Amino acid sequence: MRKIEISTSATIYKDISELSVEDNKLMHKAIEARKKAYAPYSKFNVGAALLLDNGEIVLGNNQESAAYPSGMCAERVAIWKAGSTYPNMKIKKLAITASSTITNVDKPIGPCGACRQTLSEYEINQKEPFKVLFMGEVGEVVVTESLLSLLPFSFDSKYL
Ligand code: THU
């Protein structure tokens, strides 16, 4: 038997005003996307903005359905939009923000497990980490230097 420890690291900014100009701009794009989310059931609006290597910013937001499980998260809407519009284009950064019309979202909201798995495919393929920034509606912003740092013991194609 052996025990291992896995650690990760992140930088926490007090709010969006502490971010670099580029990160601040990307987070504002995510906010713009979040405001267009279609989330009449959960009332939880999420926006995602991807900065690509060609300078393009690709946006996504959550899209819900009356048949609840048929909806989709903002991050996967954004990554599939990027992957289908600009195949093989490297991702440099992903910004995520969430708000709710029924509660105060003042804590950073990380991407769900399914989104982490989906996003990891792209980071692995591009052989270069991309930065992930996430926040609630207001308050602290968590910044990690890679997607895989959010996904220890991840599954990938080498196991198939
Ligand atoms: N949601 C996202 O868009 N991204 C996540 O990473 C977590 C959850 C959405 C899905 C659903 O529309 C709503 O937030 C509540 O779960």
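In what follows, the accompanying structure is described. (Residues numbered from 1 in each chain as written. Predicted model: local features only at pLDDT ≥ 70, side-chain atom pairs only at ≥ 80, totals over all residues. Heavy atoms only, no water.)

### Focus: the site of the ligand
- Lining the immediate surroundings of the ligand are Ser42, Phe44, Val46, Asn62, Glu64, Cys73, Ala74, Glu75, Pro111 and Cys112.
- Here an oxygen atom of the ligand and a side-chain polar atom of Glu64 are 2.5 Å apart.
- Between an oxygen atom of the ligand and a main-chain N or O atom of Ala74, the distance comes to 2.9 Å.
- Within the complex, the protein chains bury 76% of what would otherwise be the 370 Å² of accessible surface of the ligand.
- At the level of elements, β2 (44-52) and α2 (74-85) are the ones that each hand at least two residues to the shell around the ligand.
- Partitioning the shell around the ligand into residue classes produces six nonpolar, two polar and two charged. (Near = heavy atom within 4 Å. Polar contact = N/O pair within 3.5 Å; in protein donor to acceptor, adjacent residues only side chain to side chain. Areas by Shrake-Rupley, 256 points an atom, 1.4 Å probe, with all protein chains shown as cover. Helix = DSSP H or I, 4+ residues; strand = E, 2+ residues; numbered from the N terminus. Nonpolar A, V, L, I, M, F, W, Y, C, P; charged D, E, K, R; others polar.)

### Comments concerning helix α1 (residues 21-34)
- The end-to-end C-alpha distance of α1 is 20 Å, a good match for the 20 Å that 14 residues give at a rise of 1.5 Å each.
- Within α1, burial applies to Asp23, Asn24, Leu26, Met27, Ala30, Ile31, Ala33 and Arg34. (Expected span 1.5 Å × (residues − 1). Buried < 20%, exposed > 50% of the residue type's maximum accessible area, 1.4 Å probe, protein only.)

### Examining the nonpolar core
- Membership of the largest hydrophobic core comes to 21 residues, with the highest contact counts inside it found for Leu50, Leu94, Leu119, Phe130 and Val132.
- Of all the elements in the fold, those that place two or more residues in this core are β2, α2, β4 (91-100), α3 (113-126) and β5 (131-135).
- One finds Ile31, Ala33, Ala49 and Val143 within the second-largest nonpolar core, a separate group that totals 15 residues. (Core = buried A, V, L, I, M, F, W, Y, C linked by side-chain atoms within 4.5 Å.)

### Some words on the pattern of salt bridges
- Counted according to the given criterion, the structure contains eight salt bridges.
- Salt-bridge contacts for Asp15 lead to Lys14; the nearest nitrogen and oxygen are separated by 3.6 Å.
- By relative accessible area, Asp15 is classed as partly exposed at 24%.
- A salt bridge links Lys29 to Glu32, with the nearest nitrogen and oxygen atoms 3.9 Å apart. A residue pair is termed a helical-turn pair when its members lie 3 or 4 positions apart in one helix, as Lys29 and Glu32 do in helix α1 at three residues.
- Take Glu32: its relative accessible area is 37%, and that puts it in the partly exposed class.
- Beyond isolated ion pairs, a larger network of salt bridges with shared partners links Glu22, Asp23, Lys93 and Lys131. (Salt bridge = Lys/Arg side-chain N within 4 Å of Asp/Glu carboxyl O.)

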